[in-house]
Amino acid sequence: MKQLYKKAVLVLALMSLTLSFAQAKKPTIMVVPSDVWCNKNGYMTEVAGLGETVKVPNYKKAFQENSDLLAVVAKLNSLMADRGFPLKDMAAAIKTLESESAENALLTSKGGAGVAETPIEKLKKVAKADIIMELTWTVNQTGPKKSITYTLKGLDAYTDKQVAGATGTGNPSFSAELPVLLEEAVLAHIDNFNAQLQTHFDDLFANGREIIVRIKKFDSWPDDLEKEFNGKELREIISDWMNDNTVNHRFSESDSGETSMLFEQVRIPLFDANGKAMDAKSFLKGLQTMLKNAPYSITNKLMTKGLGQATLVLGEK
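Student: Can you walk me through the overall build of the chain in this structure?
Tutor: For the chain, the count of helices and strands is nine helices and 16 strands. Across the 317 residues that make up the chain, the buried fraction comes to 41%. Restricting the contact set of the chain to residue pairs at least 6 apart, pairs at least 24 apart contribute 61%.

Student: Quick question: what am I supposed to make of the sheet that holds strand β7 (residues 131–142) here?
Tutor: Adjacent strands of a sheet pair through backbone hydrogen bonds, lying either parallel or antiparallel. The mixed open sheet is built from five strands, whose spatial order is β4-β1-β7-β8-β9. The open sheet has two free edges, formed respectively by β4 (87–88) and β9 (162–169), since each of these has just one partner strand. Both β7 and strand β8 (residues 145–156) contribute to a ladder of 12 bridges, which runs antiparallel. Within β8, the residue paired with E134 across the bridge is K153. Of the strands in this sheet, β1 (29–33) and β4 touch helix α5 (residues 90–99), which is tilted by about 90 degrees from β1.

Student: Sorry, what's going on with the side chain of Q288 here?
Tutor: Tracing the backbone through its elements, the reader meets Q288 in helix α9 (residues 280–292). By relative accessible area, which is 12% here, Q288 ends up buried. Discounting residues that sit within four places of it in the chain, Q288 has contacts with N300, K301, L302 and L312.

Student: Help me understand the packing of α5 against helix α6 (residues 119–127) in this model?
Tutor: Each pair of packed helices can be described by the angle between their axes along with the distance between the axes. At a closest axis distance of 9 Å, the pairing of α5 and α6 adopts a crossing angle of 95 degrees. Accordingly, the angle class assigned to the pair α5 and α6 is roughly perpendicular. Facing M90, A93, I94, T96 and L97 of α5, the residues of α6 in contact are K122, L123, V126 and A127. Split by residue class, the contact of α5 with α6 holds seven nonpolar, one polar and one charged.

Student: For this particular structure, what's the right way to read the pattern of salt bridges?
Tutor: Charged atoms that come close allow side chains of opposite charge to pair. Applying the stated criterion to the full structure yields 11 salt bridges. In this structure, D191 and R83 form a salt bridge, with 2.9 Å as the shortest nitrogen-oxygen distance. Note that D191 is positioned in helix α7 (residues 178–207) and R83 in the loop between α4 (67–82) and β4, a separation of 108 residues in sequence. Judged by relative accessible area, D191 falls into the partly exposed class, the value being 48%. For R83, a relative accessible area of 26% translates into the label partly exposed. The residue D203 makes a salt bridge to R267 at a minimum N-O spacing of 3.4 Å. Here the residue D203 occupies a position in helix α7, and R267 occupies one in strand β14 (residues 261–268), the gap between them amounting to 64 residues.

Student: Would you take a moment to explain unusual backbone geometry for this structure?
Tutor: Comment: phi is negative for the bulk of residues other than glycine, and the bulk of peptide bonds are trans. Cis geometry is adopted by the peptide bond preceding P295, which originates at A294 and carries an omega value of 5 degrees. Tracing the sequence through the fold places P295 in the loop between α9 and β15 (300–305). In the Ramachandran plot, Q265 falls in the positive-phi region, its phi being about 50 degrees despite a non-glycine side chain. Topologically, Q265 is positioned in strand β14.

Student: Which parts of the structure should I look at to understand the sheet that holds strand β10 (residues 209–217)?
Tutor: Across the sheet, which stays open at both edges, the five strands sit in the order β13-β14-β10-β16-β15 with mixed pairing between neighbours. The sheet is open, and its two edges are formed by β13 (252–256) and β15, each paired on a single side. Ignoring strand direction, the axes of neighbouring strands in this sheet form an average angle of 20 degrees. When β10 meets strand β16 (residues 309–314), the two strands line up parallel, connected through six bridges. Residue pairing for β16: V213 is matched across the bridge by A310. Along the sheet, helix α8 (residues 234–245) contacts β10, β13, β14 and β16; its crossing angle with β14, the most-contacted strand, is approximately 15 degrees.

Student: Sorry, what's going on with the side chain of Q198 here?
Tutor: Locating Q198 in the fold gives a position in helix α7. Its relative accessible area of 12% is what places Q198 among the buried residues. Other than its neighbours up to four places away in sequence, Q198 contacts K25, K26, P27 and F85.

Student: I tried to follow the environment of F283 on my own but got confused; where do I start?
Tutor: Topologically, F283 is positioned in helix α9. With 12 residues separating them in the primary sequence, F283 and F271 have C-alpha atoms 9.9 Å apart. Among all residues touching F283, those that are not within four sequence positions of it are I211, W241, M242, N245, T246, V266, I268 and M278.

Student: Explain the confidence of the model for the chain to me, please; I cannot follow it from the model alone.
Tutor: Do not read the predicted coordinates in detail wherever pLDDT is low. On average, residues of the chain score 84 in pLDDT, and 86% of them are at 70 or above. Scored below 50 in pLDDT, residues 4–23 shows zero contacts in the model against residues more than four places distant or in partner chains. Scored below 50 in pLDDT, residues 101–115 makes 30 contacts in the model with residues more than four places away or belonging to other chains.

Student: Looking at this structure, I do not really get the packing of aromatic side chains. What am I missing?
Tutor: Each aromatic ring pair is characterised by the separation of its centres together with the angle its planes make. All chains considered together, the criterion is met by seven aromatic pairs. Taking 5.8 Å as the distance between ring centres and 20 degrees as the angle between the ring planes, the aromatic pair formed by W37 and Y43 counts as stacked. Since its relative accessible area comes to 3%, W37 is described here as buried. You can call Y43 buried: its relative accessible area is 8%. Taking 5.2 Å as the distance between ring centres and 55 degrees as the angle between the ring planes, the aromatic pair formed by W241 and F283 counts as tilted.

Parameters and conventions
Residues numbered from 1 in each chain as written. Predicted model: local features only at pLDDT ≥ 70, side-chain atom pairs only at ≥ 80, totals over all residues. Heavy atoms only, no water. Helix = DSSP H or I, 4+ residues; strand = E, 2+ residues; numbered from the N terminus. Buried < 20%, exposed > 50% of the residue type's maximum accessible area, 1.4 Å probe, protein only. Contact = heavy atoms within 4.5 Å. Pairing = 2+ DSSP bridges. Axes fitted to C-alpha atoms, helices over the stretch in contact; angles between N-to-C directions. Parallel < 35°, antiparallel > 145°, perpendicular 65-115°, else oblique. Nonpolar A, V, L, I, M, F, W, Y, C, P; charged D, E, K, R; others polar. Salt bridge = Lys/Arg side-chain N within 4 Å of Asp/Glu carboxyl O. pLDDT = per-residue confidence, 0-100. Phe/Tyr/Trp six-rings, centres within 6.5 Å; stacked < 30°, edge-to-face > 60°.

As structure tokens, this is what we get:
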């Protein structure tokens, strides 16, 4: 009887553990073609920005013209969804981006300060994905058989740091369908890849997202970060705010001077009080509001680059 009771307790414990894993929150992912793939297939556009001309991926053109890309992304979306990882559709994000006119231009202050964003940084802000799953693939052919060589990179959408990776070549097959070749090649590695993603996401839950914060001043503002309020310099006040609002007080004050401050490895909560995903902009709005109000009364402008970088410029809007 005791053995039966023990077995029943063990079964219930295992069921509870399984249920907790099933209910564990998964990172949200968006699958994108890599810059290498876009360049190789002619989906790059030259744009002028910050004094130079650079090549950037033309995702809209790639999705409109390349049916293989649509099929491959759809297959990866399906493989990830089957494993419980929620996905953001890149093609849908592109349409949303186009409908928001403010996203199609440089963010510029009235005084001329600006922050240039790449197409992928703009997409990140629209999709709000935790992980960018970057895909590169090539099709190999030997006689009538084909195989696919692929590389997957899991990039933290806030820092662009690689947090997971997988690469491989599938077995040669008579199948001519690209999604089937991809599935055959990826299946051997996808569960380990997903485990790496989940480990990173679990760390975010425990220690917060990582972002970069910059504090600057407009030349037109007569004061600087050494201005004192109640006997304390403004840069000390800002540093104290960071200490009070970061997860476990984790941040690195990399630079602090009269006219600028740089905070790196800033850990912020994944979600705000309303359960909404927090990014660099929503985090820094608290500091922006505080400095606008008395006793500081400092006019300022909040500018962002992607999800993970925010700059607060003091003295103008």
